[in-house]
Amino acid sequence: MIKQWVVGLFFSLILGELFTWGFIETLRYYMGTSKTLFKNGAKEVPSWITGSVERLFFTVLLGCNFSGVPAYMLTWLTLKMATNWNHPDWKEKPDARAFALSALLAGLISMLFALGGGLICSRQWTLPFL
């Protein structure tokens, strides 16, 4: 049982971070969009912290077989995006919609890794070496 949790958390936290980071960097490079649109001197929460916390949280919930977790994951993505949509600088930035969509896509990929990790932890998704 411990082995499944180690592999599930590794899948979610490590592989999820690497794949999500690679995806967002590639997508934003292709779009020609900078890492952030808002450089007003305010400090932001690093996206790797947000992604790691959300993947850990949802992986544990799924690993413990809580019901309704996929709905909670989508609700979280909605709330996370809604907090960014209310930023006052959005109206002045022409790339804001593309930037927001890239963040939403990265969040969805992050949640997929949380889902996979949680399914590994709960033994609903078995791997040959487990």
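Since the structure is predicted, the reported quantities are computational estimates derived from the model, not experimental observations.

Draft legend 1. Representation of the overall build of the chain within the structure. When helices and strands are tallied, the chain shows 4 helices and 0 strands. Written out in order from the N terminus, the α and β elements of the chain read α-α-α-α. The long-range fraction of contacts in the chain, counting pairs at least 24 apart against all pairs at least 6 apart in sequence, stands at 81%. Of the roughly 8600 Å² of accessible surface on the chain, 70% is carried by carbon and sulfur atoms.

Draft legend 2. Just the pattern of salt bridges, in detail. Using the criterion set out here, one finds 2 salt bridges in the structure. We note a salt bridge from Glu54 to Lys80, for which the minimum N-O separation is 3.0 Å. You can see Glu54 sitting in helix H2 (residues 47-63) and its partner Lys80 sitting in helix H3 (residues 69-85), a full 26 residues away along the chain. For Lys80, a relative accessible area of 18% gives the class buried.

Draft legend 3. Fine view of the packing of aromatic side chains. Summed over the entire model, instances satisfying the criterion amount to 3 aromatic pairs. With 5.1 Å between their ring centres and 75° between their planes, Phe57 and Phe58 make a pair best called edge-to-face. Assessed through its relative accessible area of 4%, Phe58 is described here as buried. Members of the aromatic cluster, joined through ring pairs, are Phe11, Phe19 and Phe113.

Draft legend 4. How the structure looks around the packing of helix H1 (residues 2-31) against helix H4 (residues 96-121). As a packed pair, H1 and H4 sit with axes 8 Å apart at the nearest point and diverge in direction by 165°. For the element pair H1 / H4, the angle class is roughly antiparallel. The interaxial crossing formed by H1 with H4 has right-handed handedness.

Draft legend 5. Seen up close, the nonpolar core. Formed by Phe58, Leu61, Leu62, Val69, Met73, Leu77, Met111 and Ala114, the largest nonpolar core amounts to 8 residues. Those elements that place two or more of their residues in this core are H2, H3 and H4. Grouped together as the second largest cluster of nonpolar side chains are 5 residues, Phe11, Ile109, Phe113 and Ile120 included.

The rules behind the values
- Residues numbered from 1 in each chain as written.
- Predicted model: local features only at pLDDT ≥ 70, side-chain atom pairs only at ≥ 80, totals over all residues.
- Heavy atoms only, no water.
- Helix = DSSP H or I, 4+ residues; strand = E, 2+ residues; numbered from the N terminus.
- Contact = heavy atoms within 4.5 Å.
- Areas by Shrake-Rupley, 256 points an atom, 1.4 Å probe, with all protein chains shown as cover.
- Salt bridge = Lys/Arg side-chain N within 4 Å of Asp/Glu carboxyl O.
- Buried < 20%, exposed > 50% of the residue type's maximum accessible area, 1.4 Å probe, protein only.
- Phe/Tyr/Trp six-rings, centres within 6.5 Å; stacked < 30°, edge-to-face > 60°.
- Axes fitted to C-alpha atoms, helices over the stretch in contact; angles between N-to-C directions.
- Parallel < 35°, antiparallel > 145°, perpendicular 65-115°, else oblique.
- Left-handed = near helix turned anticlockwise from the far one by under 90°.
- Core = buried A, V, L, I, M, F, W, Y, C linked by side-chain atoms within 4.5 Å.

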